[in-house]
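Listed below, chain by chain, are the residues.
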Amino acid sequence: MAQGQGGIIGASNNPIFSEAGSPAVNSFTSGGTYTASPGTKFVEYLIVGGGGGAARIGGGGAGGYRTNYPSPVADAQPVSGGSSYPVSVGGGGGGFCGDYQQANNGGSSSVFGITSAGGGGGGSWNGQSGRPGGSGGGGSQSGNGGQGNQPPVSPPQGNPGGNSNDRGGGGGASQPGGSAGGQGSENAISSPGNYYAGGGGGSDGNYAGGTGGGGEGSPGGQNGGDGRGGGAGANHGGGTRSGGDGIVIVRELDAFSASGVWPTKQVFEAIKDGNWKSG
């Protein structure tokens, strides 16, 4: 028989965090080290892998997209003020313009042991499938789109690429690839209105890249957006187009205050650690 757990009861509202003192937001477009400011106990994060390279038909898949922003209490990432954490940021995958080969995947990005995979490379001429990745690369001719969310995580870090009938757009963070690249996701962790992890457009026409750094697929193609993890747009006319570099953003949070119903043990631990604010 299941047993209930005592709780602290307050008004029915969601918990909120207050921002810590400066620097509250730390952005990494290349590898490095995040050092938590003194007194910081919780953070939010955005981790985007490098976008996949494009081929002649298949657009590159977007880099994997993982975030806990905006965080309810249970999903905040604990840190220790003054401690350092290694950060890696994946580069965009190189493109390929020949036959019978796939473009390259982007590199993975990580922090706090959480990894977003690089996007899958697009398929080239003569039926090459797209590569699997954070989001999958688009396929060419009879080739299939690459699988997204590879390796699998929950919630999913991306979507599959489009198949040849869709002209092989790469998958994006919030949408599979079609002819156009899959759409990326908006995330305001550093500022409002920013989109990340858009898939690259397929070629054999002019097909848009997904919002969030996805390159346009066209006779000339377009590189994916750096700092967005966008997939490269396919280049039907030859030449190579590379995926955009990924990004890692860490936003520092102060102790939380919360209302609602909270397990007694959780409240006790938060008070003991100095992380509970009343009022």
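Residues numbered from 1 in each chain as written. Predicted model: local features only at pLDDT ≥ 70, side-chain atom pairs only at ≥ 80, totals over all residues. Heavy atoms only, no water.

Caption draft 1: The overall build of the protein, seen in detail. If you tally the helices and strands in the protein, you get one helix and 15 strands. With an accessible surface of roughly 11,300 Å², the protein has 47% of that area assigned to carbon and sulfur atoms. (Helix = DSSP H or I, 4+ residues; strand = E, 2+ residues; numbered from the N terminus. Areas by Shrake-Rupley, 256 points an atom, 1.4 Å probe, with all protein chains shown as cover.)

Caption draft 2: Geometry of the confidence of the model for the protein. For the protein, mean pLDDT is 84; residues scoring 70 or higher make up 80% of the total. pLDDT under 50 marks residues 1-23. Its contacts with residues more than four places away, or in other chains, come to 48 contacts. (pLDDT = per-residue confidence, 0-100. Contact = heavy atoms within 4.5 Å.)

Caption draft 3: Spotlight on the nonpolar core. Membership of the largest hydrophobic core comes to 15 residues, with the highest contact counts inside it found for Tyr-34, Val-87, Phe-112 and Val-248. Contributing elements (two or more residues each) for this core: strand E5 (42-48), strand E8 (84-87) and strand E13 (247-257). Once residues within four sequence positions are removed from consideration, Val-87 is found in contact with Phe-28, Gly-31, Gly-32, Thr-33, Tyr-34, Ser-110, Val-111 and Val-248. (Core = buried A, V, L, I, M, F, W, Y, C linked by side-chain atoms within 4.5 Å. Buried < 20%, exposed > 50% of the residue type's maximum accessible area, 1.4 Å probe, protein only.)

Caption draft 4: Seen up close, the pattern of salt bridges. Applying the stated criterion across every chain yields a total of one salt bridge. Arg-251 is the salt-bridge partner of Glu-44, the closest N and O atoms lying 3.7 Å from each other. Here Glu-44, found in strand E5, pairs with Arg-251, found in strand E13; they are 207 residues apart in sequence, far enough to count as distant. Each member of the pair, Glu-44 together with Arg-251, is buried. (Salt bridge = Lys/Arg side-chain N within 4 Å of Asp/Glu carboxyl O.)

Caption draft 5: How the structure looks around the packing of aromatic side chains. Here the structure, examined in full by the defined rule, presents three aromatic pairs. Note on Tyr-34 and Phe-112: the rings are 6.1 Å apart at their centroids and 85° apart in plane angle, and the pair reads as edge-to-face. Of this pair, Tyr-34 sits in strand E4 (residues 32-35) while Phe-112 sits in the loop between strand E9 (109-111) and strand E10 (114-116); the two residues are 78 residues apart in sequence, bridging distant segments of the chain. Note on Tyr-34: relative accessible area 0%, which makes it buried. Ring geometry for Tyr-85 versus Phe-112: centroids 5.3 Å apart, planes at 70°, classification edge-to-face. Of the two residues, Tyr-85 sits in strand E8 while Phe-112 sits in the loop between E9 and E10, which places them 27 residues apart along the sequence. Residue Phe-112 is classed as buried on the basis of its relative accessible area, which comes to 16%. (Phe/Tyr/Trp six-rings, centres within 6.5 Å; stacked < 30°, edge-to-face > 60°.)

Caption draft 6: Quick peek at the environment of Gly-122. Within the secondary structure, Gly-122 sits in the loop between E10 and strand E11 (185-186). The exposure class assigned to Gly-122 is buried, which follows from its relative accessible area of 0%. Sequence spacing of Gly-122 and Gly-58 is 64 residues, and the spatial spacing of their C-alpha atoms is 4.2 Å. Ignoring anything within four residues of it in the chain, the contact list for Gly-122 reads Gly-53, Ala-55, Gly-58, Gly-59, Gly-60, Gln-102, Ala-103, Gly-130, Gly-137 and Gly-138.

Caption draft 7: Local environment of unusual backbone geometry. Here the bond from Tyr-69 into Pro-70 is cis, since omega is -15°, no more than 30 degrees from zero. Position of Pro-70 relative to the elements: it lies in the loop between strand E6 (65-67) and strand E7 (77-78). Residue Gln-150 is joined to Pro-151 through a cis peptide bond whose omega torsion reads 0°. Tracing the sequence through the fold places Pro-151 in the loop between E10 and E11. Even without being glycine, Asn-149 reaches a positive phi, approximately 55°.

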